[in-house]
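# Structure assessment
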2 protein chains.
Amino acid sequence: MPTLLILSSDADEYTRLIESANLPNLKFTSDPKDCDIVLGEPRLIRNTLPLLSTPKWIQAIYAGVESLMDSALRRDYVLTNARGVFGELMSEYVFGYLLFHEKKILERIRAQESKQWQRPQSGVLRGKTIGLLGVGSIGAYLASTAKHFGMSVRGFTQESESFADVDVYYHHPDILKFVQGLDYLVTVLPRTKDTNKIVDANLLNALPSHAIFINVGRGNAVDEPALVVALNEGKIAAAVLDVFAEEPLPQDHPFWTTPNLLMTFHTSAISYPENITKLFVENYHLYIEDKPLKYQVDFEKGY
Amino acid sequence: MPTLLILSSDADEYTRLIESANLPNLKFTSDPKDCDIVLGEPRLIRNTLPLLSTPKWIQAIYAGVESLMDSALRRDYVLTNARGVFGELMSEYVFGYLLFHEKKILERIRAQESKQWQRPQSGVLRGKTIGLLGVGSIGAYLASTAKHFGMSVRGFTQESESFADVDVYYHHPDILKFVQGLDYLVTVLPRTKDTNKIVDANLLNALPSHAIFINVGRGNAVDEPALVVALNEGKIAAAVLDVFAEEPLPQDHPFWTTPNLLMTFHTSAISYPENITKLFVENYHLYIEDKPLKYQVDFEKGY
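Residues numbered from 1 in each chain as written. Chains lettered and ligands numbered in written order. Predicted model: local features only at pLDDT ≥ 70, side-chain atom pairs only at ≥ 80, totals over all residues. Heavy atoms only, no water.

Here the focus is the interface of chain A and chain B. Contact with chain A, which involves 52 residues of that partner, is made by 51 residues of chain B. Both sides of the chain A and chain B interface together cover about 4600 Å² of buried area, and 61% of this is carbon and sulfur. Ranking the residues of chain A by area buried against chain B places Glu92, Gln112 and Trp117 of chain A at the top, with a combined share of 19%. Seen at the junction of chain A and chain B, the total is four salt bridges. Residue Glu88 of chain A is joined to Arg126 of chain B by a salt bridge in which the shortest nitrogen-to-oxygen separation is 2.7 Å. Across the contact surface, chain A and chain B share 26 residue pairs in polar contact (both at pLDDT 80 or more). Only α3 (87-102), α4 (105-113), α5 (137-148) and β12 (261-263) of chain A provide two or more residues apiece to the side of chain A that touches chain B. If one sorts the elements of the side of chain A that touches chain B by residue count, α3 of chain A sits on top with 10 residues. (Contact = heavy atoms within 4.5 Å. Buried area = accessible area lost by both parts, 1.4 Å probe. Salt bridge = Lys/Arg side-chain N within 4 Å of Asp/Glu carboxyl O. Polar contact = N/O pair within 3.5 Å; in protein donor to acceptor, adjacent residues only side chain to side chain. Helix = DSSP H or I, 4+ residues; strand = E, 2+ residues; numbered from the N terminus.)

Tracing the chain through its elements places Thr145 of chain B in helix α5 (residues 137-148). In this structure Thr145 of chain B comes out as buried when scored by relative accessible area, which is 0%. Among the polar contacts listed, one links the side chain of Thr145 of chain B to the side chain of His148 of chain A, at a separation of 2.6 Å. Filtering out sequence-adjacent residues up to four positions away, Thr145 of chain B remains in contact with His148 and Phe149 of chain A together with Ser91 and Phe95 of chain B. (Buried < 20%, exposed > 50% of the residue type's maximum accessible area, 1.4 Å probe, protein only.)

This part takes up the relation of the copies chain A and chain B. Note on the copies: chain A fits chain B at an RMSD of 0.0 Å, the axial shift is 0.0 Å, and the rotation between them is 180 degrees. Seen this way, the second copy is the image of the first under a two-fold rotation axis. Among all residues of chain A, the one whose C-alpha sits closest to the rotation axis is Gly96 of chain A, at a distance of 2.8 Å. When the interface residues of chain A are mapped onto chain B, 98% of them again lie at the interface, so the same face is used by both copies. (Least-squares fit on C-alpha atoms with pLDDT ≥ 70 in both.)

In the structure shown here, the tally under the stated rule is 24 salt bridges over all chains. Close ionic contact of Lys147 of chain A with Asp167 of chain A constitutes a salt bridge, the shortest N to O distance being 2.8 Å. Taken together, the residues span a long stretch of sequence, with Lys147 of chain A in helix α5 and Asp167 of chain A in the loop between β7 (152-156) and β8 (168-170) at a distance of 20 residues. Assessed through its relative accessible area of 41%, Asp167 of chain A is described here as partly exposed. With a closest N to O distance of 3.4 Å, Arg75 of chain B and Glu300 of chain B form a salt bridge. With a gap of 225 residues between them, Arg75 of chain B in the loop between β4 (57-60) and β5 (78-80) and Glu300 of chain B in the segment after α9 (273-288) connect regions that are remote in the sequence.

What follows concerns the packing of helix α3 (residues 87-102) of chain B against α5 of chain B. All names here are of chain B. Two elements in contact, α3 and α5, have axes whose closest approach is 8 Å; the angle formed by their N-to-C orientations is 50 degrees. What the angle tells us is that α3 and α5 run oblique. Crossing handedness for the pair α3 and α5: right-handed. Where α3 approaches α5, its residues Gly87, Glu88, Met90, Ser91, Val94 and Phe95 are matched on the opposing element by Ile138, Tyr141, Leu142, Thr145 and Ala146. In terms of residue class, the contact of α3 with α5 is made up of seven nonpolar, three polar and one charged. (Axes fitted to C-alpha atoms, helices over the stretch in contact; angles between N-to-C directions. Parallel < 35°, antiparallel > 145°, perpendicular 65-115°, else oblique. Left-handed = near helix turned anticlockwise from the far one by under 90°. Nonpolar A, V, L, I, M, F, W, Y, C, P; charged D, E, K, R; others polar.)

Shape descriptors only; they carry no functional weight alone.
Structure below.
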């Protein structure tokens, strides 16, 4: 009988949601030695991994599963991550911030505070070019929103070329060609050995000075000192960061006082138990029918 | 030979753009007595209207043509306004402000200013219900963006029911039913005798207290003192206004100090000569072929 261990700070809610899905034969357990299925947060799973006796399937509730990628860790199970649920949230975040900049919302708030009938001209998304560094399910969703707003879309990927909303794909080593002339650069990369500091001084210098850079992937993708220099020297117009090399961001980090940098703190896409439960339920049906699970992680690639 | 008078502060740019379109037989003039076609700003046209000897077609470069609706003014010409060009801009504005609120962007900027790693949970557009007060070409575009973001769309109109992205239509006298349970109310109404203070205390009280109200139509649609009360008393959560009963907003207007009110100053959709010239060129071809022009204004309805 399939036995599920839940490792999440939202365990009660997950239990309630999964129970109410009435999955056939599913048993719940709190004993790591007794389970064949685990649902939970990658970091909690990592700590419990050595205790599991016969893990068959582990469903991560996040997209990022780097905590489980350490080559010293066991890999004798099928790992699935959460996909297809964060694109919509990321899209609201990314386009919220792009529109915030283009519509000069902060400037208008300041004008209002000083009782000034000021009419700075807004920028528009329509006609602009966005570059997506990483085009998986999240990037594809961002591309669809960009298309809705009448934008051109470039994608930089290792392999896949399957999304109709991406107008042009670029591949290694053409990353400087990829960023040339971009109005917006958005990083949606997972943390892997290949993504370390991919956004470096060369890349930032190759962007137009009016460009806006957004990172909603992982903090390792950014050479942070290089970004500080780029913003201080006006090499790019603005940056919005949701992720950092070290989180929480250290109090003495130069980002706190870097101009034209807006930060949010790893909140661009929340993992909602309702959404993740839907994924889990779908995969559970595949699991008991012994079919391939959806959203399997490749341990070699790291995503 | 068709003779065009341009009445706009962007007259030079319009002349350049229209000249480069090489329209057959078109002559330019600066003499009101000598023209049969006028392109321009409604207020400038209003002042020149008595001087025109034989106006046949007047193309307004704005959507709002209330300056020309005065029943004392001549109506012996075909008036066309600008449509189909503002929806995209309005959509960027409206969803920019909705996302600004839902993503708590200002709150996060404050957290950053005080060097606090704060993680307030964002709201989401997905699953929310937007009500469009007025559903012409602008409302239809807003509806399409709402659908892209996974929202439900209600429309309140006098007549048309032709836009697939509007889930439910409401009509007079069901306006309180229309606003019940809305997350967002967006007014896109033209200034007519029927739209005066349509957003009044009753309507504001019928909205949920978490609702956000946006007016990108005309200022006459809002009972301004009632909106001040609604915001002061927390009857609704926030308002964003681009238009006002009196513009520029008087210095002693209570709006300047009303809580949870963001104001922009009639800038939600700019009239770009490139866009308007396309409309003009299209209509000019119809005009010389003696075909019905696009976007004709009904003097009785006022739009």
